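Examining the three-dimensional arrangement
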Amino acid sequence: MGGIYEKLSPYSYAFMRFAAGAVLVPHGVQKMMTGWATKGAGNIANAGLPFPELLAYLTVFSESAAALCVALGLFTRVAAGIVWIQMAVIITVFQWKYGYFWTARGIEYPLLWWLLLTAIFFRGGGRYSLDALFKKEF
C-alpha cells in the first residue's frame, strides 16, 4: 500500500479543498432555485442581525460562488474567508443553542466546514488550483 500512498498523497490537499467547496455548492444552488433569500431574510431578522436581506443574498453568494471558488482553488483565501465567516455566524447565532450534534440541529456540521476552511485559508489553493495555474495567491 505504501506505493499507492506515495503516488496519491500529493493530491490529498487538492481533494480535500475541492470536497470542502463542492459539497457546499448544492446548498447555494438550492437556495437560488427556490428563492430562499426572502425566507432567509426573515430568519436573519428574527435572529436580530442587521441588514437581513443583504445578509440573505450574501449567504447565497457564499454557498454558491465562494464555495465554487474554494473547490476550484480560485481566489482561494478570500473565498475560504467568506465561507468561514458564514459558518462562524451559523455556529454562534443559529445553531449554538441546539448543542453539538447535527442530528439535533447542533453545530457539528458547520463546525466541520469552519475547521476545514480555517486550514484552507492558511494554506491557500495549493499546487493543484487555479490560483497556482495563474501564479497568483489571493
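Here the structure is shown first, and the text comes after it.
Each pocket or cavity is described by its volume, and for the largest pocket that value is around 1000 Å³. If you trace the largest pocket, you find 34 residues lining it, with Thr59, Glu63, Gln86, Ile90 and Phe94 closest to the centre. Elements with a minimum of two residues in the lining of the largest pocket: helix 3 (25-34), helix 4 (36-46), helix 5 (52-72), helix 6 (76-95) and helix 7 (108-123). Among the elements that line the lining of the largest pocket, the one with the most residues is helix 6, at nine residues.

Moving on: the packing of aromatic side chains. Under the counting rule described, the total for this entry stands at five aromatic pairs. On the numbers, 4.7 Å between centres and 55° between planes, the contact of Tyr109 with Trp113 is tilted. Here Tyr109 pairs with Trp113, and both are found in helix 7, just four residues apart, close to one helical turn. What makes Trp113 buried here is its relative accessible area of 7%. Over the face of the ring belonging to Trp36 we find Lys31, whose NZ or CZ atom lies 5.1 Å from the ring centre. When the ring centre of Tyr13 is taken as origin, the NZ or CZ atom of Arg123, which lies over that ring, is 4.3 Å away.

Enumeration over the complete set of coordinates arrives at one salt bridge. Lys31 serves as the salt-bridge partner of Glu63, at 3.0 Å between the closest nitrogen and oxygen. Separated by 32 residues along the polypeptide, Glu63 in helix 5 and Lys31 in helix 3 bring together distant segments of the chain. Overall, Glu63 belongs to the buried group, its relative accessible area being 5%. For Lys31, a relative accessible area of 15% puts it in the buried group.

Here the focus is the environment of Leu58. Inspection of the secondary structure assignment puts Leu58 in helix 5. You can call Leu58 partly exposed: its relative accessible area is 43%. Along the sequence, Leu58 and Thr34 sit 24 residues apart, while their C-alpha atoms lie 16 Å from each other.

Thresholds applied
Residues numbered from 1 in each chain as written. Predicted model: local features only at pLDDT ≥ 70, side-chain atom pairs only at ≥ 80, totals over all residues. Heavy atoms only, no water. 1 Å grid on protein atoms, 1.4 Å probe; cavity = no way out; pocket = protein on both sides within 12 Å on 5 of 7 lines; lining within 4 Å. Points joined across faces, edges and corners; volume = space filled by probe spheres on them. Helix = DSSP H or I, 4+ residues; strand = E, 2+ residues; numbered from the N terminus. Phe/Tyr/Trp six-rings, centres within 6.5 Å; stacked < 30°, edge-to-face > 60°. Buried < 20%, exposed > 50% of the residue type's maximum accessible area, 1.4 Å probe, protein only. Lys NZ or Arg CZ within 6 Å of the ring centre and 35° of its normal. Salt bridge = Lys/Arg side-chain N within 4 Å of Asp/Glu carboxyl O.

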